[in-house]
Amino acid sequence: MCPTASFGLPQYETERLLADRLAELGGRVERGVELVCFAQDTDGVTAVLRGPDGESQVWADYLVGCDGAHSAVRKGLGLAFTGDAFPEEYMLGDVQVDWNQPVGYGIRSMHQVDGNTDDVLVAIPLPGRRRYRMSMLVPDVLASAPAQQDGVEHGLESDRAPQLQHIQAVLDRLAPEPTRASHLRWSSVFRISHRIVDRYQRGRVFVAGDAAHIHPPTGAQGMNTGIQDAVALAWRLALAVKGMAADGLLESYDAERRPVGEEVVGRTVRHARAGFETDDPETMLRREAQLLVAYPDSPLVGEGAGAEALKGGPAPGSRAPDCRGLRRPAVAFPLRLHELLDGRRHTLLLCADEAEQLAELAAVVALARDRAKGHVDVRLVLAADSEISDDTAGGLLDGPPVPVVRDSAGEFQTAYGAVGGCCYLIRPDGQVGFRAGRTRAEELGAHLAKVLAA
Ligand SMILES: Cc1cc2nc3c(=O)[nH]c(=O)nc-3n(C[C@H](O)[C@H](O)[C@H](O)COP(=O)(O)OP(=O)(O)OC[C@H]3O[C@@H](n4cnc5c(N)ncnc54)[C@H](O)[C@@H]3O)c2cc1C
C-alpha cells in the first residue's frame, strides 16, 4: 500500500473553470453540435456540423480536433493511432468511507501474484467529508465485451454502473483498515488503451488531447497533457491567424508535443504495469505536475553568445521558473516573475548590473519592438546590488519606458544564473525560447525570425 498526498479537483469543477474563462474571453461552448465531416484546401477548412437545427457548414482558417479518443478529426485525417488495449477492465465509484486515514491523502493498494497485479484499489480524495473516487478492477460479474465499434477501447462505459456492494468487496480485501463505503454518488466501468498518432498535424488541421494520445490514468497525466497541447498550439495559431507566424511555426507544434506525448504514454504504461519508478519524491511530484516538460530538441529554441555564463539557469526549451522579490520603483510590495509574463505574448527579460550595458540593451529593445510589432513585452531586471538607479535604467532606453524591476532578494539571479547584459526570451507557454549571456540584437533578431514572419 502506498499513501500519497493528493488534491483531487473534480472534472465538473475543471470544466466549470475552463468554461468561465472562455466566457471571460468572449467565447462559449456549443453543446449538442457534432462535427460530421470536413475537407481542407490550401486556403482553409470547410466543416459540416449537425446540431438541433440540422446540418450547417462552417469555413475556418484552421481546425483543431479536441474530440477525444474516438476523434472524428483524427479519422478524417487518416492518421495512424498505434498501440493496443489493456486486457483489464476497471470500475470507478465516488463514495464516502468511514476510515480514519489522514485527510487529503490518496491510497494506492494492490495485490500481486508472481509480479502480476490481480487486485487494485486507488482512492483519490474528493471535496467533501471522507469522499473518495475509488478505482478498481471490474469483478467478473460486471465484465463484458468492449462496446466501441472503432477498435479504440478507451474511456467510460456508463451503461454498466457498479453498485455499492462491488466497491465494498474490494475495500474488504484492500482497504488499509476495516472500512464501510456508503453514499454512492456516481459509478462507471472504464477501459484503457495506449495509443498515439503518427503526426499531430496535416495541413490546416491539428489534433490535441485524447484525440492524439490515450494512456492509463496513472499519475493523472491525460487531461494535463491535453491542455498543454492546446496551450502550445494556441499561441502559434494566434500568430498564424494574424498572418504573423514564420514559416514552420505551426509545424513545430508536432515537433515539440509529439515527443512529450510519446514519453507520457510510455511512462504511464510502465507505471500501470510495474508500479511507480523509484525517483526521489520531489522529482516524481515535479514530473507528475508536468513542471519538467521541456523541448530541448525543438527547432524553435536556441541560445546566443555567452550562454555558458548562465550557470544554473533554465536551458532553451525548459520551463521558465518563477521567483519572488522583484521590486518596482515606488511600489511597496514585491512581484513574482510569473506576474511579469502575459501568457499571450513573448516576454524579453533583459538583465543589467552596470550602466555601460544599457546602450547595447537599448539596441536590443529597439530591435524587439520593431521586429515583433507588439508581440514581445520587454522588462529590465536590475541586479540587487547594481548602482544603476531605476529611473536611469528606464530613461536610458529609447522609446516608451521599459518596465524596470530590481532583483532585491537575489532569487532571479539564483534561478536564472543571471549575469549583467544577459537576456531570456520567455514564450507565451512559459518555456524559454532563447537566452544569451551577452545579448546581441542580431542574434535575437535571427531567433525571432524563426517565430515571427518578417
Ligand atoms: C478513469 C479515468 C480517470 C482519469 N483521471 C485523470 C486525472 O486525474 N487527471 C488527468 O489529467 N486526466 C485524467 N484522465 C484523462 C482525462 O479524462 C482525459 O485525458 C481528458 O478528458 C481528455 O480530454 P479531451 O478534451 O482531449 O477529450 P474528451 O474529454 O474525451 O472530450 C472530447 C469532447 O469532444 C466531443 N466530441 C467527440 N466527437 C465529437 C464530434 N464528432 N463533434 C463534436 N464533438 C465531439 C465529446 O463529446 C467530448 O465532449 C482520466 C481518464 C479516465 C478514463
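Residues numbered from 1 in each chain as written. Predicted model: local features only at pLDDT ≥ 70, side-chain atom pairs only at ≥ 80, totals over all residues. Heavy atoms only, no water.

**Q** What is the right way to look at the domain arrangement of the protein chain in this model?
**A** Accessible area lost when the parts come together is the quantity often used to give the size of an interface. Parsing the protein chain into structural domains produces domain 1 (6-80 + 198-288), domain 2 (84-194) and domain 3 (302-451). Between domain 1 and domain 3, the contact holds eleven residues from the first and ten residues from the second. Summing both partners gives a buried area of about 790 Å² for domain 1 against domain 3, and 62% of it is carried by carbon and sulfur. Between domain 1 and domain 3 we count one salt bridge in total. With its nearest N and O atoms 2.8 Å apart, the salt bridge here joins Arg-427 to Glu-256. Counting the contacts that link domain 1 with domain 3 gives three residue pairs in polar contact (both at pLDDT 80 or more). Top contributing element to the side of domain 1 that touches domain 3 by residue count: helix 4 (residues 222-241), with five residues. Residue composition of the side of domain 1 that touches domain 3, by class: eight nonpolar, no polar and three charged. (Domains from an automatic or database assignment. Contact = heavy atoms within 4.5 Å. Buried area = accessible area lost by both parts, 1.4 Å probe. Salt bridge = Lys/Arg side-chain N within 4 Å of Asp/Glu carboxyl O. Polar contact = N/O pair within 3.5 Å; in protein donor to acceptor, adjacent residues only side chain to side chain. Helix = DSSP H or I, 4+ residues; strand = E, 2+ residues; numbered from the N terminus. Nonpolar A, V, L, I, M, F, W, Y, C, P; charged D, E, K, R; others polar.)

**Q** Help me understand the sheet that holds strand 5 (residues 63-65), please; the structure alone is not making it clear to me.
**A** Across a sheet, strands are paired by hydrogen bonds formed along the backbone, either parallel or antiparallel in direction. Reading across the sheet, the three strands line up as 5-13-12 and stay open at both edges, with mixed pairing between neighbours. Every other strand in the sheet has two partners, leaving strand 5 and strand 12 (201-202) as the edge strands with one partner each. (Pairing = 2+ DSSP bridges.)

**Q** I keep staring at the side chain of His-447 and nothing clicks. Help me out?
**A** Checked against the element boundaries, His-447 lands in helix 10 (residues 441-451). If near-sequence neighbours (up to four positions away) are discounted, His-447 is found in contact with Leu-300, Val-301, Gly-302, Leu-425, Gly-433 and Phe-434.

**Q** Explain the packing of aromatic side chains here, please?
**A** The geometry of two aromatic rings is summed up by the distance between their centres and the angle between their planes. Applying the stated criterion across every chain yields a total of seven aromatic pairs. Look at Tyr-62 and Phe-206: their rings are 6.3 Å apart centre to centre, the planes differ by 50°, and that puts the pair in the tilted class. Taken as a pair, Tyr-62 in the loop between strand 4 (54-60) and strand 5 and Phe-206 in strand 13 (residues 205-207) lie far apart in primary sequence, 144 residues in all. Seen in terms of ring centroids, Phe-206 and Tyr-253 are 6.0 Å apart; in terms of plane orientation they differ by 70°. Their pairing is edge-to-face. Here Phe-206 is found in strand 13, whereas its partner Tyr-253 is found in helix 5 (residues 251-274), with 47 residues between them in sequence. Residue classification places Phe-206 among the buried residues on the basis of a relative accessible area of 0%. Members of the aromatic cluster, connected to one another through ring pairs, are Tyr-62, Tyr-200, Phe-206 and Tyr-253. In this structure, Arg-74 is placed above the aromatic ring of Phe-81, and the distance from its NZ or CZ to the ring centre is 3.6 Å. Sitting over the ring of Tyr-62, Arg-204 keeps its end group 5.0 Å from the ring centre. (Phe/Tyr/Trp six-rings, centres within 6.5 Å; stacked < 30°, edge-to-face > 60°. Buried < 20%, exposed > 50% of the residue type's maximum accessible area, 1.4 Å probe, protein only. Lys NZ or Arg CZ within 6 Å of the ring centre and 35° of its normal.)

**Q** Looking at this model, I keep getting lost on the pairing of strand 8 (residues 116-125). Mind explaining?
**A** Across seven bridges, the pairing between strand 7 (residues 105-113) and strand 8 is antiparallel. In the sheet register, Met-110 faces strand 8, and the bridge partner there is Val-120. In this antiparallel pair of consecutive strands, strand 7 and strand 8, the connection spans two residues, and Asp-114 shows a positive phi of 50°.

**Q** Would you explain the site of the ligand in this entry?
**A** If you check the shell around the ligand, you find 17 residues, and the closest are Leu-35, Asp-210, Gly-222, Met-223 and Asn-224. The separation between an oxygen atom of the ligand and a polar main-chain atom of Asn-224 is 3.2 Å. In isolation the ligand exposes 1000 Å². Once the protein is present, 59% of that is buried. Considering every element that reaches the shell around the ligand, the biggest residue donor is helix 4, with three residues. For the shell around the ligand, a count of residues per class yields nine nonpolar, five polar and three charged. (Near = heavy atom within 4 Å. Areas by Shrake-Rupley, 256 points an atom, 1.4 Å probe, with all protein chains shown as cover.)

**Q** Teacher, can you tell me more about the sheet that holds strand 17 (residues 346-352) here?
**A** Pairing in this open sheet of seven strands is mixed, and the strands run 15-21-20-17-18-19-16 from one edge to the other. The outermost strands of the open sheet, each flanked by one partner alone, are strand 15 (302-303) and strand 16 (326-327). Two elements, strand 17 and strand 20 (residues 423-426), share four bridges in a ladder whose sense is antiparallel. Paired with Leu-349 across the bridge in strand 20 is Tyr-424. Sheet strands touched by helix 7 (residues 357-372): strand 17 and strand 18 (376-382). Its angle to strand 17, the strand with the most contacts, is close to 170°. In this fold helix 10 packs onto strand 15, strand 17, strand 18, strand 20 and strand 21 (432-436), with an angle of close to 170° to the strand it touches most, strand 21. (Axes fitted to C-alpha atoms, helices over the stretch in contact; angles between N-to-C directions.)

**Q** So what exactly am I meant to see when it comes to the environment of Gln-413 here?
**A** Looking at the element boundaries, Gln-413 is found in helix 9 (residues 411-416). Assessed through its relative accessible area of 40%, Gln-413 is described here as partly exposed. Sequence separation between Gln-413 and Gly-266 is 147 residues; the distance between their C-alpha atoms is 36 Å. Those residues in contact with Gln-413, other than ones at most four positions away along the chain, are Asp-407 and Ala-418.

**Q** In this structure, what is going on with the environment of Val-113? I would like to understand it.
**A** For Val-113, the position within the fold is in strand 7. Look at Val-113 and you get partly exposed, because its relative accessible area is 41%. Sequence-wise, Val-113 and Gly-222 are 109 residues apart; in three dimensions their C-alpha atoms are separated by 29 Å.

**Q** Looking at this structure, I do not really get the packing of helix 4 against helix 5. What am I missing?
**A** Angle between the axes and distance between the axes: these two values describe a pair of packed helices. For the pair helix 4 and helix 5, the least separation of the axes is 10 Å and the interaxial angle reads 175°. What the angle tells us is that helix 4 and helix 5 run roughly antiparallel. In contact with Thr-225, Gln-228, Asp-229, Ala-232, Leu-233 and Arg-236 of helix 4, helix 5 contributes Ser-252, Tyr-253, Glu-256, Arg-257 and Val-264. Its residues assigned to classes, the contact of helix 4 with helix 5 shows four nonpolar, three polar and four charged. (Parallel < 35°, antiparallel > 145°, perpendicular 65-115°, else oblique.)

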